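# Overview (structure and organization)
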Amino acid sequence: MRIVSGIQPTGNLHLGNYLGAIRNWVRMQDEVAASGGLSLYFLADLHALSQPHVPAELAANCREMVAALLACGIDPDKSVLFNQAQVPQHAELQWLLSGTARMGWLSRMTQWKDKSGKKGDSQSVALFTYPVLQAADVLLYQATHVPVGDDQKQHLELARDIAQKFNNDFCTEDAPVFTLPEPTIPPEAARIMSLRDGAAKMSKSDPSDMSRINLTDDADAIMQKIKKAKTDPEPLPEDKAGLEGRPEAANLVGIYAAMAGTSVEAVLAEFGGHGFGKFKPALGELLVEKLAPINTRFGELRSDPGALDAILRQGAAKARELAVPTLEATYKALGLLRG
Ligand code: TYM
C-alpha cells in the first residue's frame, strides 16, 4: 500500500479536515508502517497560488499547518511529511500530464464551477488546472489509496482518468507508468457541514468563524460555537430515518458519532427524544475533551519554527528521491530526450 494525501495550508485545520481526512491519515500511517508500506502527506502550498494570497502569510500558514498535523498524530518517523514547493517534481509532472488532461474534464469539476461562478474569465489559470496538479501529486508516488473527504472524490476520479488515458496512449499494456489511485473516504464523516448552514460544507473559506470548529479553538470557543449552532425546534429522533430533512441535526449527531467513535444509531439511542438543550452541552464537552490534547500539543510545536522547517526539509529530501523513477518513466514514455 502506498498512501498519499495533501491539505492546503490556508487558514486553520478545522473539524471537517480532521474528521474527514486527517484522522484517516493517522490511522493509515500506522497501518502501512506496520505492513511495510509507505505514507506521504504534504502541504499543498502550490495549490494555494490558485486563489489570491498574501505571500507574507503563506510560510507562516505552512508552519502552522505542519504543527497541526503533527499535533493530530502524523509522525515524521513513520510518514514522509513535506510541502510541495520543496519537491519540484510535482509541478514538473503536472506539465507532462497537461497534454493528457482534457479541457472538458476540467470544466466539469464542481469546485471549478463553484469557485469561478460567472467570472470564469477573470480567474487564474491555476484555479482551472489545479486538478491536474492534484493528479500529479498522487500519480508521482504511485499512490494506491488517497484518504480524503467526499469533496475531493471528483478530483480523484479525474486523476484516475488522466492515469488511464496516459497509460493507454503512451504505454504498453504490460508496462503502465501510472497506478490508478483509490479514494478512502470515512463513511461517518465524509462531509462535515457548517454549524450555521446544514447545506454548506464546513470550510476554511467561510467568512464566519462561527461556522466551524478550529482545532486551535479553546474550550470556551468550542462550547459557544456549539451552543449557537443552527438547529430546529424538534427533539432528536429515535432512529436515523428521523434525521431525513433535518440537515443541521444530522450534522451535529454525525459529529458526535465520529468524535466518540460510535454510530449515529448509538447516539440516537442515547439522546433520541431529548431536545438540543441536553444534546448540545454533551457534544460541546465531548469535543473539548477530545480536542484538548491536540490543542496543547499544537501550542508546544508551533513555538519551534526551526524544528518544523527541519521536518519539512527532511521529508522533502525523501519525497524528491521517491519521485524520480515515475517522473523519468513519464519523460521516457512521452519520447522526451533526457541526457
Ligand atoms: P483541503 O485543504 O480543502 O482539505 C483537506 C482535506 O480535508 C477534507 N475536508 C473535509 N472533509 C469532510 N468534511 C468537510 N467539511 C471537509 N473540508 C475539507 C478534504 O476532503 C481533504 O481531504 N485539493 C485538496 C488538497 C490536495 C490533495 C492533493 C488531496 C492537493 N493535492 C492530492 C489529496 C491528494 C484540498 O484543497 O483539500
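Residues numbered from 1 in each chain as written. Predicted model: local features only at pLDDT ≥ 70, side-chain atom pairs only at ≥ 80, totals over all residues. Heavy atoms only, no water.

### Examining the overall build of the protein
Secondary structure summary: the protein contains 12 helices and five strands in total. Its C-alpha atoms give the protein a radius of gyration of 21 Å, within 12% of the compact-globule value 20 Å for 339 residues. Along the first, second and third principal axes, the C-alpha atoms of the protein reach 70 × 45 × 45 Å. Buried positions account for 47% of the 339 residues belonging to the protein. Summing over all exposed atoms, the protein offers an accessible surface of approximately 15,600 Å²; the carbon and sulfur share of this is 53%. Distance between charge centroids for the protein: 3 Å, based on 35 positive and 41 negative side chains. (Helix = DSSP H or I, 4+ residues; strand = E, 2+ residues; numbered from the N terminus. Rg over C-alpha atoms; globule rule 2.2 N^0.38 Å. Buried < 20%, exposed > 50% of the residue type's maximum accessible area, 1.4 Å probe, protein only. Areas by Shrake-Rupley, 256 points an atom, 1.4 Å probe, with all protein chains shown as cover. Lys, Arg positive; Asp, Glu negative; His and termini not counted. Charge placed at Lys NZ, Arg CZ, Asp CG, Glu CD.)

### Some thoughts on the pattern of salt bridges
Applying the stated criterion to the full structure yields 16 salt bridges. For arginine 27, the salt bridge goes to glutamate 31, with nearest N and O atoms at 2.8 Å. Here arginine 27 and its partner glutamate 31 are both found in helix 1 (residues 15-35), four residues apart, which amounts to about one turn of the helix. Overlapping salt bridges, with partners in common, bring together Asp209, Arg212, Asp217 and Lys225 in one network. (Salt bridge = Lys/Arg side-chain N within 4 Å of Asp/Glu carboxyl O.)

### Considerations on the site of the ligand
Close to the ligand lie 28 residues; Tyr130, Gln134, Asp137, Asp151 and Ile192 are nearest. Here an oxygen atom of the ligand and a backbone polar atom of glycine 149 are 2.8 Å apart. The backbone of methionine 202 places a nitrogen or oxygen atom 2.9 Å from a nitrogen atom of the ligand. Out of a free accessible area of 710 Å², the ligand has 96% covered by protein chains. Elements with a minimum of two residues in the shell around the ligand: strand 1 (2-7), helix 1 and helix 6 (125-139). Its residues assigned to classes, the shell around the ligand comprises 12 nonpolar, 11 polar and five charged. (Near = heavy atom within 4 Å. Polar contact = N/O pair within 3.5 Å; in protein donor to acceptor, adjacent residues only side chain to side chain. Nonpolar A, V, L, I, M, F, W, Y, C, P; charged D, E, K, R; others polar.)

### A few points about the nonpolar core
In this structure, Leu15, Leu19, Ile22, Phe279, Leu287 and Leu291 are the most contacted members of the largest nonpolar core, which totals 59 residues. Each of domain 1 (2-190 + 304-334) and domain 2 (209-300) accounts for three or more of the residues forming this core. Ranked by size, the runner-up nonpolar core spans 41 residues in total, among them Leu97, Trp112, Ala319 and Ala323. (Core = buried A, V, L, I, M, F, W, Y, C linked by side-chain atoms within 4.5 Å. Domains from an automatic or database assignment.)

### A short note on the domain arrangement of the protein
When its domains are assigned, the protein resolves into domain 1 (2-190 + 304-334) and domain 2 (209-300). Inter-centroid distance (C-alpha atoms) of domain 1 to domain 2 is 30 Å. If you look at the interface, domain 1 gives 15 residues, while domain 2 gives 15 residues. For the domain 1 and domain 2 pair, buried surface summed over both sides reaches about 1,200 Å², with 72% attributable to carbon and sulfur atoms. Remark: the boundary between domain 1 and domain 2 carries zero salt bridges. Linking domain 1 with domain 2 are three residue pairs in polar contact (both at pLDDT 80 or more), by the criterion used here. For the side of domain 1 that touches domain 2, the elements supplying multiple residues, two or more each, are helix 1 and helix 2 (55-72). For the side of domain 1 that touches domain 2, the element with the highest residue contribution is helix 2, accounting for five residues. Residues belonging to the side of domain 1 that touches domain 2 are distributed by class as follows: nine nonpolar, two polar and four charged. (Contact = heavy atoms within 4.5 Å. Buried area = accessible area lost by both parts, 1.4 Å probe.)

### Considering helix 3 (residues 89-98)
Taken as a whole, helix 3 has its buried residues at Gln89, His90, Leu93, Gln94, Leu96 and Leu97. Down the axis of helix 3, the smallest arc covering the buried residues is 165 degrees, so these residues share one side. Against strand 3 (79-83), helix 6, helix 7 (153-170) and helix 12 (305-334) lie the buried residues of helix 3. (Arc of directions from axis to C-beta.)

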